Structures are given as C-alpha cells and as structure tokens.
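# What the coordinates show
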Amino acid sequence: RMGGNDAIGDAGTVALAAALRLAMTTDNHDDAIGNHDTVLDELDLSSCNMGDAGAEALALALSSNPGCLLRLNLANNKISDVASKSLARALVEARYGSGVVFEEIILDNNVGIGDEGAVALAEAMAVGAVKSISVRSCGVKAEGCAAFGKALMELANSNRKQSFDKDDDDDDDDESSS
C-alpha cells in the first residue's frame, strides 16, 4: 500500500505501471483449472496526486499483462473520464483476451469522473470484466447511474441464461445416457 503519498504523482505511477507490464509470474501461465497467477493481489495508490497520465499507464499494464493485479485503489486522485474510459477498456481487453476477471477498482473522490467514465465502467461490469466498482463522490449523475443499472440487468440476464444453458446441457446428458 502506497496510498497517501503525494510525491508519487503521475511519474511514480508510470514507473510502477511499467514494472507491472513487464512483471511475469513464476509460472507465467494458467494452471490446470484456469487460475492465472497474479503479480500483486492489490495495489493501493489512493491519494497519490495521480492524474490521467498515471491512470492510463496503469490501464496499459492491465491490458498488456492481464492478471498482473486483481484489485486497484485509485481513490482521491485527479482522474477524469478520459482515464476511467481507458481503465474500463483495459479491463474488457483483459477479460476477452485472457479470461481474467478483475476483482475491484476503487475510484472514489475523483471528481473528474462523470457520466462518460461511469458509462464505460458500467459496460466493463456488464460483460463480467470487473466484479466491483466504486465511484463514490465522483461527478457521476443520472446517465452514469442508469448505465450501472443497465449493466446490473445485463449481468442478471446473462447469469440466468447461463443457468438455463447449463440446465439444457444437463438434459442433453440425461437423454444421451438413456
């Protein structure tokens, strides 16, 4: 945890992101049941005077080295819609590229994150790229909230469909065994 260190800023975050991009796990591959080893479980860069440049560098690390971390706390910084859209895009790329699902991203008190950033983050959540997103005390208004509501509905419908598909597969198995 490095939170609360204003001296880190964008420059320090870019350096950390470069290390995450290049860092490989010991096995550098998925295990037999599809678990991806992580370099770090969590990175806390809250209150580190970081702006969009630092957040976009982290987004690049997440997309180029999926699974390099699972939880990211970027609360109380100077992140805007631009960087939050980059983070969302990186999470989706990691999900579709390697199957990695990000556990949590915390973006609280980044007042530059408004509806545009919230919509992008909600879209990442809707496709199952991230399990938990926090945007408390940001600039999110009705449109961003509606996007999260839509994402929740899409997730619920997707989970219901997966359940029905599994039931259909079970029925097929029953028929082929008789």
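Residues numbered from 1 in each chain as written. Predicted model: local features only at pLDDT ≥ 70, side-chain atom pairs only at ≥ 80, totals over all residues. Heavy atoms only, no water.

A count of helical and extended segments in the chain gives five helices and four strands. When the helices and strands of the chain are placed in sequence order, the string is α-β-α-β-α-β-α-β-α. Counting all 178 residues of the chain, 40% fall into the buried class. The contacts in the chain between residues at least 6 apart in sequence include a share of 85% that link residues at least 24 apart. Accessible surface, the chain: about 9,400 Å² in total, of which carbon and sulfur atoms supply 51%. (Helix = DSSP H or I, 4+ residues; strand = E, 2+ residues; numbered from the N terminus. Buried < 20%, exposed > 50% of the residue type's maximum accessible area, 1.4 Å probe, protein only. Contact = heavy atoms within 4.5 Å. Areas by Shrake-Rupley, 256 points an atom, 1.4 Å probe, with all protein chains shown as cover.)

Let's shift gears to the pattern of salt bridges. According to the stated counting rule, one finds six salt bridges in the structure shown. Residues Lys150 and Glu154 are paired through a salt bridge, measuring 4.0 Å at the closest nitrogen-oxygen approach. With Lys150 and Glu154 both in helix α5 (residues 142-176) and four residues apart, this pair spans about one turn of that helix. Look at Glu154 and you get partly exposed, because its relative accessible area is 35%. In this structure, a network of salt bridges that share partners links the residues Arg1, Glu42 and Asp44. (Salt bridge = Lys/Arg side-chain N within 4 Å of Asp/Glu carboxyl O.)

Residues of the chain with pLDDT of at least 70 account for 82%, and the chain-wide mean is 87. Summarising per-element confidence for the chain, the mean pLDDT is lowest in α5 (74) and highest in helix α4 (residues 115-126) (97). Scored below 50 in pLDDT, residues 26-35 makes five contacts in the model with residues more than four places away or belonging to other chains. (pLDDT = per-residue confidence, 0-100.)

Here we come to unusual backbone geometry. Not every positive phi belongs to a glycine, and Asn49 is a case in point at roughly 60 degrees. By the secondary structure assignment, Asn49 is in the loop between β1 (40-44) and α2 (52-64). Relative accessible area serves as the criterion here: at 33%, Asn49 is assigned to the partly exposed category.

So, about the pairing of strand β2 (residues 69-73). Burial within β2 is extensive, with four of its five residues counted as buried. In this sheet, β2 lies alongside β1 in parallel orientation, the contact comprising four bridges. Paired with Glu42 across the bridge in β2 is Arg71. Between the parallel pair β1 and β2, the chain is carried across by α2, and the sense of this crossover is right-handed. Direction of pairing for β2 relative to strand β3 (residues 102-106): parallel, over a ladder of three bridges. Note on β3: the bridge partner recorded for Leu72 is Ile105. (Pairing = 2+ DSSP bridges. Right-handed = clockwise from strand over helix to strand, strands pointing away.)

All right, on to the side chain of Ser46 then. The topology assignment puts Ser46 in the loop between β1 and α2. Under the relative-accessibility criterion, Ser46 is labelled buried at 12%. Ignoring anything within four residues of it in the chain, the contact list for Ser46 reads Gly3, Gly4, Asn73, Leu74, Ala75 and Asn77.

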